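Spelled out, the chains give:
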Amino acid sequence: MLAALLPLGCPQDDTSDDEVGDGPVQPGDLVITEFMAAPDASEEWFEIYNDSTETVDLEGMILTYDDASGGPIKSHTIGRSLEIPAHQYIVVANVLDEIALGDDADYLDYGYAGELGKFVSSKGHLAILLQDEIIDDMYYGDPVMGPVATSGVSRALDGASSPGAIVNDLYKNWCDSTSEFDGPPVFLATPGAANDLCTQSPQCEGDNGLRDVDYAQPGDFVITEVHADPTVEVGEWFEIHALADFDLNGLEIGRKLDDPFEQQILASECAPVSAGDYVVFVRELDTTLNGGVPADAFVWPTNIDGLTLAGSLWFSTPSEGDIPGTRIDEITYTAKDAASTQLDPDFEDAVLNDDVAKWCTATLPYGATDLGSPGSINEECMIAAPEGQCLDPDTREFRDIEPVPAGDLVITEFFANPVGDDPPGEWFEVLAKTAGDLNGLWIGKGIEFTDEVVSELCIEAAAGGYLVLAHETDPLVNGGLPQVDATFDLGLNNSSSNLIIGYVPDVAEKWDEITWSSSTEGVSNSYGGDLDVVANDDLASWCAGQPSTPGLANPSCGGGGSGMCTDPDTNMMRPSVAPVLGDLQLTEVMPNPSQVPDADGEWLEIHTTAAFDLNGLQFGKAGIVEFTIDDPMCIEVLADEWLAFAPTDDLVLNCGVEPVWVYTGLNLTNSNGNLFVGHGGEVFDEHSWATSPTGASLSRDLDADIWCAAVDPYGCGDLGTPGLANPVCGGGMMGDTCFDGVMDRPKVPPVAGDLVISEFMANPNAVTDANGEWFEVRARAAVDLNGLELGNAAFVDGIVADQTLASNDCLAVTVGETVLFARDGDTMINGGLPPVDQTFSFGLTNSNAFLYLGYAGALLDQIGWTSSATGASTSLDPDFYDPALDDTANDADPAWCYQTTVYGLGDKGTPDADNGQCG
């Protein structure tokens, strides 16, 4: 009977799968979608998909296998209930059913105990029957394609389209899996889940849903490092450096320059790469197995193995039919034992990196034993420039050094007497009046040149540019210099000394010389006269730098002005009234507007505590003054005023900010930023921030003296109070009161111990991360959530929250109440969550991540995790509902475990419900 039902030979496009039967399960309702037939896999298995709209029970159905060559057909009858929900998968394997039901093989659902025999890797025939009717069958193997089963790799139906009994009849719709299954065992497969793509799709899943793939193009990246001979077995890797934004999706990779590609990156996600990223392609994602590629590196798995010791590597755009893609970059290399071969970072160009002379063997260690710099910039290779030449930073080719002409290189500032140990902090500044190179410049004192500026790279000076020469390049050592263009070893004397520079080491050929009789500890000597190599010989034109301006034009040596201004009331000249320490406070900073560009929409605010003139007020970053208010009229301000300063007074451009003064040359950094305000070289107030929220200012609560993200809208919709008194942090629109549904009342703020993070979903499988991430907070006291601060970084004092709950309503919770926070509140989008209480805007990283709750700058609860499950939440055991006991949110921790209860579209978790016990 079976022989009659299962004809031998390769199937055509039209098969018996398409017939419609009369039984409870119709042909085509079940589809074979993936199989593992490799001879050294720990077990053989195949995957079945339910393409019907109802749950199907396979009990009593027959599984068959033959080698498609006329040999005997082996069969197995499923002897127990084995249900497949609609549009879900099960995996049946060549193991005892008791093993499939055990905990050691979670990805297996049923075992047929060897009754189908051993799969032949080169060709075969699998079928599912109900009584005497074929529900689905498929052949694998093709004389053209050759063997289809690769060791440790499953063969899978293309995940680009819905599984179907007709689709799986065509060889072209099958390919090797590329996703690593993190068992045990470890292999490339997707058992029980949607398959990898076999063909490139023009669209991919981005942060905001489907979008067109942004294919990489020539010039978008360069191959920078190859490790072909690692110490560990699966430690091979290679690296690219992104020079532009693009998606990895669609890239083709090969080893032999004249052969077709060996791997194409095919994924449902876009896999975006940003300019500056280093992407490491690894054989093994697990850092304990891949030799210790840094866990924070941007890694992508590759199935290219066996990199030869003397080989080649290439990337191209996607092929179109028989037309190969365009090569983006290709290299040849020679491997070294336990060390990568790396490109000198000065030659990161797809043409220049073809020269093997621009590559060298890595010397920096990573992991436990090997050398290399996976995921970060390479070391400089010892490539000596030809005599009299340097490497042009634009063309990356050696060219003749072009000195700055004699008379056009002027010494304008020097720092001979830093606080503490002099040499690390000493520096001097030169102005290049004409463009040229600093390479070959000699430095000395007395009548002798002793130090030469030597660099492989051309140190180019633009006309009118200020360059800084220092002993050290590290800001932590050199006193925080904003730039260092070249280094020197010569020590600068504190008094009665000189400094000479020139391109010929002969006193008669010096380009400039300055002398000084004394210097003040901790203060530079600044030149404030005519920019001329003769004029700067006049000691009277030098003064103490207040403040120092390395790399910037110096103020005049008259204190920045006469100190006089015209009174607006009397129209008479009078001394300007300078503020003193305590007369003003820095109260608000907008580094990152969202409704208008940063260059127009940035602003800052100060609060006055006394009356004074704004004339001479200074603003800057990291001790460097970048703007000084200079006006012939006295700019009078009164006590208790809130004053906004902005780069433009156009209300359309700046989002509706009305500044008291328009500044220039001052840019606010979105992250790791700093701003100070002062007068006469003295800093009156200063604020630094690690991050800044998008579209909201950093606002200072003067009563509590803390900073937080603004919550009140202004102008065109960004948040802040420019020129107005700031609300309290955590206060929101109604300050310390809120509406409880009946009346306004004082808020009941949470304190430490009142709230605990009880569950989180960082890696949903049924929907994208951007749609399906969520977390849950359990209330241990009756409090209001209005003003609650949320963030996805490690909490430190002074951190600015990623989000603050701001509302006129109290957002009250009761003891024992669970509050559900989600990325998206729509149950049709978020994976079928129950009603969401609050939404959040930041992402939850799958590994090595944090989540915290705070209020008014104080920490309420924080958790951290090193990994998370795919499609399952991490849940806190109810016995540990205590912020002091729940900090390490890992499955191995006794307080936490992965949830097994299914919700919504198939992910696992207990959102807005009581958690189960762990263990």
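See above for the structure.
Residues numbered from 1 in each chain as written. Predicted model: local features only at pLDDT ≥ 70, side-chain atom pairs only at ≥ 80, totals over all residues. Heavy atoms only, no water.

S.K.: I'd like a description of the overall build of the protein chain, backed by residues and values.
M.R.: Along its length, the protein chain carries six helices and 70 strands. Along the longest, intermediate and shortest principal axes, the C-alpha atoms of the protein chain span 110 × 80 × 45 Å. Long-range contacts, defined here as pairs at least 24 residues apart, represent 63% of the contacts in the protein chain between residues at least 6 apart. Within the structure as shown, the protein chain displays about 39100 Å² of accessible surface, and the carbon and sulfur contribution to it stands at 52%. Of the charged side chains in the protein chain, 27 are positive and 158 negative; the average position of the first set lies 5 Å away from that of the second. (Helix = DSSP H or I, 4+ residues; strand = E, 2+ residues; numbered from the N terminus. Contact = heavy atoms within 4.5 Å. Areas by Shrake-Rupley, 256 points an atom, 1.4 Å probe, with all protein chains shown as cover. Lys, Arg positive; Asp, Glu negative; His and termini not counted. Charge placed at Lys NZ, Arg CZ, Asp CG, Glu CD.)

S.K.: Residue-level account of the pattern of salt bridges, with values.
M.R.: Under the defined criterion, the tally for this structure stands at 19 salt bridges. Where Arg 283 meets Glu 236, a salt bridge forms, and the shortest distance between an N and an O atom there is 3.3 Å. Taken together, the residues span a long stretch of sequence, with Arg 283 in the loop between β23 (278-282) and β24 (298-301) and Glu 236 in the loop between β17 (221-227) and β18 (237-242) at a distance of 47 residues. When its relative accessible area of 9% is taken as the criterion, Glu 236 is described as buried. A salt bridge links Asp 705 to Arg 700, with the shortest nitrogen-to-oxygen separation between them at 2.9 Å. Salt bridges sharing common partners tie together Asp 392, Arg 399, Asp 437 and Glu 460. (Salt bridge = Lys/Arg side-chain N within 4 Å of Asp/Glu carboxyl O. Buried < 20%, exposed > 50% of the residue type's maximum accessible area, 1.4 Å probe, protein only.)

S.K.: Which residues make up the sheet that holds strand β12 (residues 174-176), and what values do they have?
M.R.: The strands making up a sheet are joined through hydrogen bonds of the backbone, oriented either antiparallel or parallel. If you trace the six strands from one edge of the open sheet to the other, you get β8-β7-β2-β1-β11-β12, paired in mixed fashion. Edge positions in the sheet fall to β8 (110-111) and β12, since each of these pairs with one other strand and no more. Where strand β1 (residues 30-36) and strand β2 (residues 45-50) come together, six bridges link them in antiparallel fashion. Bridged to Met 36 within β2 is Trp 45. (Pairing = 2+ DSSP bridges.)

S.K.: Run through the side chain of Ser 758, naming residues and quoting values.
M.R.: One can find Ser 758 in strand β59 (residues 755-761). Filtering out sequence-adjacent residues up to four positions away, Ser 758 remains in contact with Glu 776, Val 777, Arg 778, Thr 874, Ser 875, Leu 876, Tyr 881, Trp 896 and Asn 915.

S.K.: Account for the packing of aromatic side chains, with residues named and values stated.
M.R.: According to the stated counting rule, one finds 31 aromatic pairs in the structure shown. Relative to Trp 865, the ring of Phe 760 has its centre 4.1 Å away and its plane inclined at 25°; by these criteria the two rings are stacked. Remark: Trp 865 occurs in strand β68 (residues 858-865) and Phe 760 occurs in strand β59; sequence separation between them is 105 residues. According to the relative accessible area criterion, Phe 760 is buried, its value standing at 1%. We classify Trp 865 as buried; its relative accessible area is 2%. Through pairs of rings, three or more aromatic residues link up here, namely Phe 221, Phe 238, Phe 246, Phe 281 and Phe 315. Its end group placed over the ring of Trp 314, Arg 327 keeps NZ or CZ at 3.8 Å from the ring centre. It is Lys 358 that lies over the ring of Phe 347; its NZ or CZ is 5.0 Å from the centre. (Phe/Tyr/Trp six-rings, centres within 6.5 Å; stacked < 30°, edge-to-face > 60°. Lys NZ or Arg CZ within 6 Å of the ring centre and 35° of its normal.)

S.K.: Would you mind going over the state of the cysteines in detail, with residue names and values included?
M.R.: Under the counting rule described, the total for this entry stands at seven disulfides. The residue that forms a disulfide with Cys 204 is Cys 270, at a sulfur-sulfur distance of 1.9 Å. Because the sign of the S-S torsion sets the handedness, a value of about 95° for the bond joining Cys 204 and Cys 270 places this disulfide among the right-handed ones. One end of the pair, Cys 204, is in strand β15 (residues 203-206); the other, Cys 270, is in the loop between β21 (263-264) and β22 (272-273), with 66 residues separating them in the sequence. Just as Cys 204 is buried, Cys 270 falls in that class too. Here Cys 738 connects covalently by a disulfide to Cys 810, the sulfurs 2.0 Å from one another. Because the torsion about its S-S bond is 95°, the bridge between Cys 738 and Cys 810 counts as right-handed. Here Cys 738 is found in strand β57 (residues 737-739), whereas its partner Cys 810 is found in the loop between β63 (803-804) and β64 (812-813), with 72 residues between them in sequence. (Disulfide = S-S within 2.5 Å.)

S.K.: Before we move on, can you summarise the nonpolar core with the specific residues and values?
M.R.: Counting residues in each nonpolar core, the largest one holds 35 residues, and the members touching the most others are Ile 240, Leu 248, Phe 281 and Phe 315. Secondary-structure elements contributing two or more residues to this core are β17, β18, β23, β25 (310-316) and β26 (327-334). No other element matches the four residues that β17 contributes to this core. If sequence neighbours within four positions are ignored, Ile 240 has contacts with Phe 221, Val 222, Ile 223, Thr 224, Phe 246, Leu 248, Asp 277, Tyr 278, Val 279, Phe 281 and Phe 315. (Core = buried A, V, L, I, M, F, W, Y, C linked by side-chain atoms within 4.5 Å.)

S.K.: Break down the environment of Tyr 89 for me, citing the residues and quoting the values.
M.R.: Positionally, Tyr 89 belongs in strand β7 (residues 89-93). Distance from Tyr 89 to Ala 297, taken between C-alpha atoms, is 33 Å for residues 208 residues apart in sequence. Excluding anything up to four places from it in sequence, Tyr 89 contacts Thr 33, Glu 47, Ile 48, Tyr 49, Ile 84, Asp 109, Pro 163, Gly 192, Ala 193 and Ala 194.

S.K.: Account for the side chain of Ser 519, naming residues and giving values.
M.R.: With respect to the helices and strands, the residue Ser 519 is situated in the loop between β40 (512-516) and β41 (525-527). We classify Ser 519 as buried; its relative accessible area is 16%. Of note is the side chain of Ser 519, whose polar atom sits 2.6 Å from the backbone oxygen of Asn 494. Ignoring sequence-local partners within four residues, the contact set of Ser 519 consists of Ala 416, Asn 417, Asn 494 and Asn 525. (Polar contact = N/O pair within 3.5 Å; in protein donor to acceptor, adjacent residues only side chain to side chain.)

S.K.: Describe in detail the sheet that holds β68, supporting the description with residues and values.
M.R.: Strands sit in the order β63-β62-β67-β68 across an open sheet of four strands; the sheet is antiparallel. Whereas interior strands pair on both sides, the edge strands pair on one side only; in this sheet they are β63 and β68. Note that strand β67 (residues 849-855) and β68 share seven bridges and pair antiparallel. Of the residues in β68, the one forming a bridge with Tyr 855 is Ala 858.

S.K.: I'd like to hear about the pairing of β68, residue by residue, with values.
M.R.: Within β68, six of the eight residues are buried, which leaves it mostly tucked inside the rest of the structure. What sits between the antiparallel neighbours β67 and β68 is a turn of two residues, in which Ala 856 has the positive phi angle 55°.

S.K.: Give a description of the pairing of strand β56 (residues 706-709) that names residues and reports values.
M.R.: With four bridges connecting them, strand β55 (residues 698-701) and β56 associate as antiparallel partners. Each residue of the ladder has a partner; that of Ser 699, found in β56, is Cys 708. With antiparallel pairing between neighbouring strands as the criterion, β55 and β56 make up a hairpin whose turn holds four residues, including Asp 705 at a positive phi of roughly 55°.

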